[in-house]
Amino acid sequence: MEFGFNEEQLMIQDVARRIAREKIAPSAEHHDRTGEFPLENIRVLGENGLMGIEVPTEYGGAGMDPVSYVLAMVEVAAADAAHSTIMSVNNSLFCNGILTHGTEAQKQKYVRAIAEGSEIGAFALTEPQSGSDATAMRCRAVKQADGSFVVNGKKSWITSGPVAKYIVLFAMTDPDKGSRGITAFLIDTAREGFGRGKTEPKLGIRASATCEIEFNDYVVQPDEVLGQEGEGFKIAMGVLDTGRIGIASQAVGIARAAYEATIAYVKERKAFGAPIGTFQMTQAKIADMKCKLDASLLLTLRAAWLKGQGRKFSAEAAMAKLTASESAMWIAHQAVQIHGGMGYSKEMPVERYFRDAKITEIYEGTSEIQRLVIARSETGLR
Ligand SMILES: Cc1cc2nc3c(=O)[nH]c(=O)nc-3n(C[C@H](O)[C@H](O)[C@H](O)COP(=O)(O)OP(=O)(O)OC[C@H]3O[C@@H](n4cnc5c(N)ncnc54)[C@H](O)[C@@H]3O)c2cc1C
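The rules behind these values
- Residues numbered from 1 in each chain as written.
- Predicted model: local features only at pLDDT ≥ 70, side-chain atom pairs only at ≥ 80, totals over all residues.
- Heavy atoms only, no water.
- Domains from an automatic or database assignment.
- Buried area = accessible area lost by both parts, 1.4 Å probe.
- Salt bridge = Lys/Arg side-chain N within 4 Å of Asp/Glu carboxyl O.
- Polar contact = N/O pair within 3.5 Å; in protein donor to acceptor, adjacent residues only side chain to side chain.
- Helix = DSSP H or I, 4+ residues; strand = E, 2+ residues; numbered from the N terminus.
- Nonpolar A, V, L, I, M, F, W, Y, C, P; charged D, E, K, R; others polar.
- Phe/Tyr/Trp six-rings, centres within 6.5 Å; stacked < 30°, edge-to-face > 60°.
- Lys NZ or Arg CZ within 6 Å of the ring centre and 35° of its normal.
- Buried < 20%, exposed > 50% of the residue type's maximum accessible area, 1.4 Å probe, protein only.
- Pairing = 2+ DSSP bridges.
- Contact = heavy atoms within 4.5 Å.
- Near = heavy atom within 4 Å.
- Areas by Shrake-Rupley, 256 points an atom, 1.4 Å probe, with all protein chains shown as cover.
- 1 Å grid on protein atoms, 1.4 Å probe; cavity = no way out; pocket = protein on both sides within 12 Å on 5 of 7 lines; lining within 4 Å.
- Sits in = over half its atoms within 2 Å of the grid points.

K.L.:
Any chance you could explain the domain arrangement of the chain here in plain terms?
P.N.:
Many authors give the size of an interface as the accessible area that is lost as the parts come together. Entries for the chain in the domain assignment read domain 1 (7–120), domain 2 (122–230) and domain 3 (234–379). Between domain 1 and domain 3 the total buried area reaches about 2,100 Å² when both faces are included, carbon and sulfur atoms providing 64% of it. When the area that domain 1 buries against domain 3 is broken down by residue, the three leading residues are Val70, Val74 and Leu93, summing to 23%. The interface formed by domain 1 and domain 3 holds four salt bridges in total. Across the pair Lys307 and Glu54 runs a salt bridge whose closest N-O atoms are separated by 2.6 Å. Applying the counting criterion to the domain 1 and domain 3 interface returns eight residue pairs in polar contact (both at pLDDT 80 or more). Of all the elements, helix 3 (residues 66–79) adds the most residues to the side of domain 1 that touches domain 3, at eleven residues. Classifying every residue of the side of domain 1 that touches domain 3 gives 13 nonpolar, seven polar and four charged.

Next up, the structure:
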């Protein structure tokens, strides 16, 4: 068993840490307050290989392994969770699905620009009436005699929707077949028939723009189908397994930032004539925060390592996401409490960590859905 990282992994961690500290952290408060999309920083991340970490170099990526992805995501998320949301969608949800299921021409056309960070990618599964139960989707793609499809319908909560150039879309092509009637498509947002709704005002990750998107007689050509017709649900679930490693990493990054802020504060803040870190009740909280933080990171690295080995990692990714997201929420909660009144103030970043942590329990499968995935894997029952 080996707990160290190799030179490449340490190198990308270092690059991500440097950009996170020099570019992202100084503007995190601004982006949170204004909700402004951090396009300039995303370009810098892309130029340094962080928008397509696992994408082979021939498609414009860094050609690194899933463990490298975890290490880089943690650094970026610790500086600002919204940046890491945009990064995770580009890396896991957009590039990963096309690399696994796309044709050579699709990889060249869609992956390169996104992996280089010159364009932004998005992933559109959720609809106003269907989230956890994706098979209840109503967005419809009807096949034409020439093999093209005409798409009509709405998708909601689309991360990077307001700025994305390309989107991996899931639409129903054969409603009678349920989950086997869903197909994945590659969408160009500059094309006629594509529209965007208002950007959602959110509790946290405010600079990661999220909106509803709409299709009105949007025409998809046969070479813009991703994978086989009817394979969309399988593609979406596979992509989300990878995505969960990214969200677990994001949660670890937010939790680490909250933890580090707390360690600094308990040494400096005094009450009853002593630093608050000398009180046993504070010490107990710190010990529990540290254990949850390390357990989350280890579970996340295990899932990433399994993926890198080409082994099954679906349940492990769900365990990592469940543990890391609930730990991040708990750790951020303790951080606010330990900061007392200052934890409630916008002058300190811990209230942002608290708001940002919450999303990790919701998107890419809620905690309840992760528990279903884990229990089904353990029991074999559905
Ligand atoms: C900021 C943000 C960004 C997002 N980005 C994207 C994106 O880029 N692309 C995209 O496609 N989607 C995106 N989503 C959507 C997100 O993945 C869904 O919100 C999430 O999967 C939950 O779906 P829902 O909101 O419809 O909740 P619902 O499915 O309606 O769930 C409501 C509640 O019921 C519980 N529940 C549902 N089914 C079960 C069950 N079987 N057993 C127990 N409990 C259950 C849920 O856990 C939850 O607590 C985003 C959401 C947010 C908030």
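K.L.:
I tried to follow the packing of aromatic side chains on my own but got confused; where do I start?
P.N.:
The geometry of two aromatic rings is summed up by the distance between their centres and the angle between their planes. Counted according to the given criterion, the structure contains five aromatic pairs. Within the aromatic cluster, the residues linked to one another by ring pairs are Phe194, Phe215 and Tyr218. A cation over an aromatic ring shows up here: Lys292 above the ring of Trp330, its NZ or CZ 5.0 Å from the ring centre.

K.L.:
Sorry, what's going on with the pairing of strand 4 (residues 166–172) here?
P.N.:
Regular strands place side chains that alternate from one sheet face to the opposite one. A large share of strand 4 lies buried, amounting to seven of its seven residues. The two faces of strand 4 match: Tyr166, Val168, Phe170 and Met172 on one face and Ile167, Leu169 and Ala171 on the other face are all buried. For strand 4 and strand 5 (residues 182–188), the ladder comprises seven bridges, and the chain directions are antiparallel. When the sheet's bridge partners are listed, Ile167 is paired in strand 5 with Ile187.

K.L.:
Can you walk me through the side chain of Ser130 in this structure?
P.N.:
Its place among the elements puts Ser130 in the loop between strand 1 (121–124) and strand 2 (140–143). The exposure class of Ser130 is buried, given its relative accessible area of 1%. Ignoring any residue separated from it by four or fewer positions in sequence, one finds Ser130 in contact with Ala136 and Met137.

K.L.:
Explain the pairing of strand 2 to me, please; I cannot follow it from the model alone.
P.N.:
Bridge analysis of strand 2 against strand 3 (residues 149–159) gives four bridges, and the strand direction is antiparallel. Counted as the bridge partner of Lys143 is Phe149 from strand 3. Between strand 2 and the antiparallel strand that follows it, strand 3, lie five residues; Gly147 among them carries a positive phi value of about 95°.

K.L.:
Looking at this model, I keep getting lost on the site of the ligand. Mind explaining?
P.N.:
Thr126, Ser132, Trp157, Thr366 and Glu368 are the nearest of the 18 residues found near the ligand. A distance of 2.8 Å separates a nitrogen atom of the ligand from a polar backbone atom of Phe123. The side chain of Ser132 places a nitrogen or oxygen atom 2.6 Å from an oxygen atom of the ligand. Relative to its unbound accessible surface of 980 Å², the ligand loses 65% to contact with the protein. Counting atoms within 2 Å of the grid points, the majority share of the ligand lands in the largest pocket. Of all elements in the fold, only strand 1, strand 3 and helix 10 (367–379) reach the threshold of two or more residues within the shell around the ligand. Ranked by residue count, the leading element in the shell around the ligand is strand 3, at three residues. Lining the shell around the ligand are residues from two domains, each supplying at least three of them: domain 2 (122–230) and domain 3 (234–379).

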